[in-house]
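Here is how the chains run, residue by residue.
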Amino acid sequence: MTAPQLRVLSLGAGVQSTTLLMLAAEGRLPKPDAAIFADTGWEPARVYAHLDRLEREVARPAGIPLYRVQVGVTDGPTRTTGDLRADSLDPGSWVRMPVFVADRSGERAAPVRRQCTEEYKVKPIKTAIRGLLGYPHPTPVPAGVVVEQAIGISRDEFERAKDAPVRYLRNVFPLLDMDGAADGREGWTRTDCVRYLRAHGWGQTPKSACIGCPFHGNQAWRKLRDDYPEEWADAVDFDHRLRQIPHRGIKAAPYLHRSLLPLDQAPIDRVTRTEWAERQGDLFDTAADTEAEDGAALGCSPWSCRGAGEETTA
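Residues numbered from 1 in each chain as written. Predicted model: local features only at pLDDT ≥ 70, side-chain atom pairs only at ≥ 80, totals over all residues. Heavy atoms only, no water.

1. What about the overall build of the chain?
When helices and strands are counted, the chain shows nine helices and seven strands. Classification of the 314 residues of the chain by burial places 53% in the buried group. Within the chain, contacts between residues at least 6 apart in sequence are counted, and of these 67% link residues at least 24 apart. Carbon and sulfur atoms provide 50% of the accessible area of the chain, an area that totals close to 14,700 Å². (Helix = DSSP H or I, 4+ residues; strand = E, 2+ residues; numbered from the N terminus. Buried < 20%, exposed > 50% of the residue type's maximum accessible area, 1.4 Å probe, protein only. Contact = heavy atoms within 4.5 Å. Areas by Shrake-Rupley, 256 points an atom, 1.4 Å probe, with all protein chains shown as cover.)

This is how it looks when you write it as structure tokens:
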């Protein structure tokens, strides 16, 4: 296998990627030449604060450069500013987020085609990696030049571990090979990561997902409403404004909640079956495990964004 010219960590700043950065800084994993965070411009304040602390207390002391990258600014009908929220409210633009619209039957909700992950996370990361290699677009990366990219996917979501879409990237998933899982099996689960973070003083690591991500489940929306009122008001305002401007590619009214109701009227207090099951389980593991619920976004990894079923181009 070709030796990598560079090792990078795709840092989503959530539980799993934070664990990878800390393990690398500790010397338990190969030290990356860079950690790269793709900023959509609409992350919660606690994610940016967590990222600042990671850089100050973990990355910098370990000699790991942390790069924060955004999509480049372009002009025309698909203009981008690097701010997903602002770009999504640009009249005549595409709806980049997987907002919900009524399907062709008019009876069910379906998300439109998701573009935000590719445009605001994957592309900026690839641009940064090309720059670090010395082959900025459109200069081709020569055959045989390989970058090893570590991605934080845990054993409970192993099905999301996929090869990179370009030949110069080789994805690796160190958590899948870690020893010391609580159940004695190979590979760490998200619960193992949370326990590790708690033991090292990082128990408040947030989930990395845009404030108004349509893939939030009811539990995530309730937490935003009850614990972060300013961000909830931001999401409600965004949801309302979405239906006040024309967008390319969709004719039906877009909503952030799958109920096809305005966010501040949506039934977010309904507790899903999965959430009830979690409440009956072990309290520690319930707190440590993912907030898996119907249609929930458990965070947004640049290379493995969680979806919410089939998408549509309605």
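Anyway, onward from the coordinates.
2. Focus on the nonpolar core
L11, L21 and W188 are the most contacted members of the largest nonpolar core, which totals 30 residues. Looking at this core, the elements with two or more residues in it are α1 (15-26), β2 (34-38), α2 (45-62) and α5 (190-199). Setting aside its immediate chain neighbours within four residues, L11 contacts S17, T18, L21, A35, I36, F37, A38, L51, L54 and L66. Ranked by size, the runner-up nonpolar core spans 27 residues in total, among them V71, L84, W221 and L263. (Core = buried A, V, L, I, M, F, W, Y, C linked by side-chain atoms within 4.5 Å.)

3. Some points on the environment of T81
With respect to the helices, strands and loops of the structure, T81 is situated in the loop between β3 (66-69) and α3 (84-88). For T81, a relative accessible area of 43% gives the class partly exposed. On a C-alpha basis, the gap between T81 and T40 in space is 9.9 Å, while along the polypeptide they are 41 residues apart.

4. Remarks on the pairing of β2
Buried residues dominate β2, accounting for five of its five residues. Burial along β2 is two-sided: the face carrying A34, I36 and A38 and the face carrying A35 and F37 are both buried. As paired strands, strand β1 (residues 6-10) and β2 are joined by three bridges and run parallel to one another. The residue bridging V8 from the neighbouring strand is A34, located in β2. With four bridges connecting them, β2 and β3 associate as parallel partners. Within β3, the residue paired with I36 across the bridge is Y67. (Pairing = 2+ DSSP bridges.)

5. A word on the pattern of salt bridges
Taken as a whole, this structure holds 18 salt bridges when the rule is applied. When the shortest N-O distance is used, the salt bridge between E157 and R160 registers 2.7 Å. Residue classification places E157 among the buried residues on the basis of a relative accessible area of 6%. Judged by its relative accessible area of 13%, R160 is buried. As a salt-bridge pair, D227 and K223 come within 3.1 Å of each other at their nearest N and O atoms. Of this pair, D227 and K223 both sit in helix α6 (residues 218-227), four residues apart, roughly one helical turn. Exposure remark for D227: the relative accessible area of 44% places this residue in the partly exposed category. (Salt bridge = Lys/Arg side-chain N within 4 Å of Asp/Glu carboxyl O.)

6. Comments concerning unusual backbone geometry
Put simply, H137 and P138 share a cis peptide bond, and its omega is 10°. Positionally, P138 belongs in the loop between α4 (116-133) and β6 (147-150). Positive phi outside glycine occurs at A13, with the angle close to 75°. The exposure class of A13 is buried, given its relative accessible area of 0%. Phi at L260 is positive, roughly 60°, even though this residue is not glycine. Relative to the helices and strands, L260 resides in the loop between α7 (229-242) and α8 (273-280). Assessed through its relative accessible area of 21%, L260 is described here as partly exposed.

7. Observations regarding the packing of aromatic side chains
Per the stated rule, a full pass over the model turns up three aromatic pairs. A centroid spacing of 6.4 Å and a plane angle of 70° characterise the contact between W221 and W232, whose relative ring orientation is edge-to-face. Of this pair, W221 sits in helix α6 while W232 is found in helix α7, placing the two residues 11 residues apart along the sequence. Considered together, W221 and W232 belong to a single accessibility category, that of buried residues. Above the plane of the ring of Y228 lies R46, whose end atom (NZ or CZ) is 3.7 Å from the centre. Positioned above the aromatic ring of W202 is the side chain of R53, whose terminal nitrogen or guanidinium carbon lies 3.6 Å from the ring centre. (Phe/Tyr/Trp six-rings, centres within 6.5 Å; stacked < 30°, edge-to-face > 60°. Lys NZ or Arg CZ within 6 Å of the ring centre and 35° of its normal.)

8. Considering the packing of α1 against α2
In helix packing, the relevant descriptors are the interaxial angle and the interaxial distance, both defined with respect to the helix axes. Contact geometry of α1 with α2 gives a least axis separation of 9 Å together with a crossing angle of 20°. What the angle tells us is that α1 and α2 run roughly parallel. Between α1 and α2 lies a crossing whose hand is left-handed. Contacts between α1 and α2 involve T18, L21, M22 and A25 from the former and H50, L54, V58, A59 and A62 from the latter. Partitioning the contact of α1 with α2 into residue classes produces seven nonpolar, two polar and no charged. (Axes fitted to C-alpha atoms, helices over the stretch in contact; angles between N-to-C directions. Parallel < 35°, antiparallel > 145°, perpendicular 65-115°, else oblique. Left-handed = near helix turned anticlockwise from the far one by under 90°. Nonpolar A, V, L, I, M, F, W, Y, C, P; charged D, E, K, R; others polar.)

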